[in-house]
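Structural description and commentary
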Amino acid sequence: MTSIVIPAHNEAPVIGRLLDSLLADSVPEDDTDILVVCNGCTDETAQVAAARGPRVRVVEIPVPSKHAALRAGDDHARSFPRVYVDADVVITGAGVRALVEPLEDEASGILATAPAREIPLAACAWRVRAYYQVWQRLSAVREGLFGRGVVAVSKSGHARIAALPPLMADDLAASLAFTPAERRVVDSAAVVIQPPRTWPDLIRRRIRAAVSTAQVEQNQAERSQGERSRGEPSRGEPSRGETSQGETSQGPGEASARTSTADLRAMLRREPGLLPHLVVFLAAAVVARRGAKKAIRAQDFGTWLRDESSRQN
């Protein structure tokens, strides 16, 4: 049996489309455990989820916290593999089954999986479309489990991420917790991720990403310092096995999702026509970095800049 945990905070407009997609292509022997954890909701998220019938269990907690919702989901989930799904994305039941298949094969060594992204851009402003033309080509973005809204783990993989502290970028931290050999993007599974529609909404999302990435890196630095103080080998120091994406072959906790100028130059050499898009991408990065400075200085890692445009039907 697979357990699906869906943390949801005021997601009444979108939670139904996800649940309908999960339930629509179920097979007769499908006993998937679907759990929606409504955290601090003031809308009808719980009622919308419960209306999908007995296949969907609903748990409500009073605090609006994704981390608390994930932990509550773990407390109520019945089995492994376990799939964590954001309420505002769409994935099918067949997609979930494709994700868990490698996790059920102990010989594969795979502890975590995520689906391929589908990002519909037709309704977005041109600068948003230009930004994603570059973003989707980045090696770290293509290979990492983050930014997909879905992460599946085996029981051993769950033990790895359960030890992580509460972080805004929970999917980035989860991705970095596994080596490239331990994680896999499953191309036969797809998740539809609604992008921000407007430039201001894109900047809000990128500011949130910059702040949350800084928090992850701060946590990595603190952990490495603690390991050094205890005389343990530090996993945060670069090694000779480092790749152009900042990942090393020694173990989890060493990788970074940051994009280097070398990555961008190589992309431009391969596709010179991307130059206008790259200018937009860099402009978004600069604006977001400036916007994130205040929160990072104040260590404000709790304010969630939510993009409502991507939740429009």
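Everything numeric in this text was worked out from a predicted model, so none of it was measured. (Residues numbered from 1 in each chain as written. Predicted model: local features only at pLDDT ≥ 70, side-chain atom pairs only at ≥ 80, totals over all residues. Heavy atoms only, no water.)

**Some details on the packing of aromatic side chains**
- In total, this model carries three aromatic pairs according to the counting rule given.
- Measuring from centroid to centroid gives 5.4 Å for Tyr131 and Tyr132, while their planes differ by 80 degrees, and the two rings are edge-to-face. The exposure classification of Tyr131 matches that of Tyr132, with both residues buried.
- Between Tyr132 and Trp135 the ring centres are 5.6 Å apart and the planes differ by 80 degrees, which places this aromatic pair in the edge-to-face class. Of this pair, Tyr132 and Trp135 both sit in helix H5 (residues 126-135), separated by three residues, roughly a single helical turn. Comparing Tyr132 with Trp135 shows no difference in burial state: the two are buried.
- Each residue in the set Tyr131, Tyr132, Trp135 and Phe281 is aromatic and connected to the rest through ring pairs, giving one cluster.
- Here the guanidinium or amino end of Arg82 rests over the ring plane of Phe80, the centre of that ring lying 4.0 Å away. (Phe/Tyr/Trp six-rings, centres within 6.5 Å; stacked < 30°, edge-to-face > 60°. Buried < 20%, exposed > 50% of the residue type's maximum accessible area, 1.4 Å probe, protein only. Helix = DSSP H or I, 4+ residues; strand = E, 2+ residues; numbered from the N terminus. Lys NZ or Arg CZ within 6 Å of the ring centre and 35° of its normal.)

**With respect to the environment of Ile91**
- Mapped onto the elements of the fold, Ile91 is located in strand E5 (residues 89-91).
- Residues Ile91 and Leu22 lie 69 residues apart in sequence; the distance between their C-alpha atoms is 6.5 Å.
- Aside from chain neighbours lying at most four places away, what touches Ile91 is Leu18, Ser21, Leu22, Val85, Val96, Leu99, Pro115, Val150, Ala190 and Val191. (Contact = heavy atoms within 4.5 Å.)

**Looking at the packing of H5 against helix H11 (residues 275-297)**
- Remark: H5 packs on H11, axes separated minimally by 8 Å, with the N-to-C direction vectors making an angle of 95 degrees. Taken together, the axis directions place H5 and H11 in an arrangement best described as roughly perpendicular. Here H5 contributes Trp126, Arg127, Ala130, Tyr131, Gln133, Val134 and Trp135 to the contact with H11, which in turn contributes His277, Leu278, Val280, Phe281 and Ala284.
- In terms of residue class, the contact of H5 with H11 is built from nine nonpolar, two polar and one charged. (Axes fitted to C-alpha atoms, helices over the stretch in contact; angles between N-to-C directions. Parallel < 35°, antiparallel > 145°, perpendicular 65-115°, else oblique. Nonpolar A, V, L, I, M, F, W, Y, C, P; charged D, E, K, R; others polar.)

**Some thoughts on the pairing of strand E2 (residues 33-39)**
- Along E2, seven of the seven residues are buried, which leaves the element largely enclosed by surrounding structure.
- Pairing geometry for strand E1 (residues 3-8) and E2, over six bridges, is parallel. When the sheet's bridge partners are listed, Ser3 is paired in E2 with Asp33.
- Judged from the six bridges that link them, E2 and strand E3 (residues 56-61) form a sheet pairing that is parallel. Its bridge partner being in E3, Val36 is matched across the sheet by Val58. (Pairing = 2+ DSSP bridges.)

**A few points about helix H10 (residues 261-270)**
- Buried within H10 we find Asp263, Leu264 and Met267. Angular distribution of buried residues about the axis of H10 spans 95 degrees; they occupy a single face of the element. Of the residues in H10, the exposed ones pointing more than 90 degrees away from the buried face are Thr261, Arg265 and Arg269.
- The inward-facing, buried residues of H10 abut H5 and H11. (Arc of directions from axis to C-beta.)

**Some points on unusual backbone geometry**
- With omega at 0 degrees, the peptide bond leading from Phe80 into Pro81 counts as cis.
- Residue position: Pro81 is located in the loop between helix H3 (66-76) and strand E4 (82-85).
- Even without being a glycine, Asn10 presents a positive backbone phi close to 50 degrees.
- In this fold, Asn10 is placed in the loop between E1 and helix H1 (12-24).

**Here we look at a positive patch on the surface**
- A surface patch of like charges, here positive, comprises Arg289, Arg290, Lys293, Lys294 and Arg297.
- Along the polypeptide, Lys293 turns up in helix H11. (Patch = residues over 30% accessible without salt bridge, like charges linked within 9 Å, V, L, I, M, F, W, Y side chains within 5 Å. Areas by Shrake-Rupley, 256 points an atom, 1.4 Å probe, with all protein chains shown as cover. Salt bridge = Lys/Arg side-chain N within 4 Å of Asp/Glu carboxyl O. Lys, Arg positive; Asp, Glu negative; His and termini not counted. Charge placed at Lys NZ, Arg CZ, Asp CG, Glu CD.)

**A few points about the environment of Gly93**
- The topology assignment puts Gly93 in helix H4 (residues 93-103).
- Residue class for Gly93 comes out buried when judged on its relative accessible area of 8%.
- Taking the C-alpha atoms as reference, Gly93 lies 9.5 Å from Ala189; in sequence the two are 96 residues apart.

**A closer look at the side chain of Arg117**
- In this fold, Arg117 is placed in strand E6 (residues 112-118).
- As a buried residue without a salt bridge, Arg117 has its nearest oppositely charged side chain in Asp171, at a separation of 7.4 Å.
- A distance of 2.9 Å separates the side chain of Arg117 from the backbone oxygen of Val141, its partner in a polar contact.
- Within the local environment of Arg117, its side chain forms a polar contact with the backbone oxygen of Gly147, the two atoms lying 3.0 Å apart.
- Residues contacting Arg117, with those up to four places away along its chain left out, are Trp135, Val141, Arg142, Gly144, Phe146, Gly147, Arg148, Val191 and Ile193. (Polar contact = N/O pair within 3.5 Å; in protein donor to acceptor, adjacent residues only side chain to side chain.)

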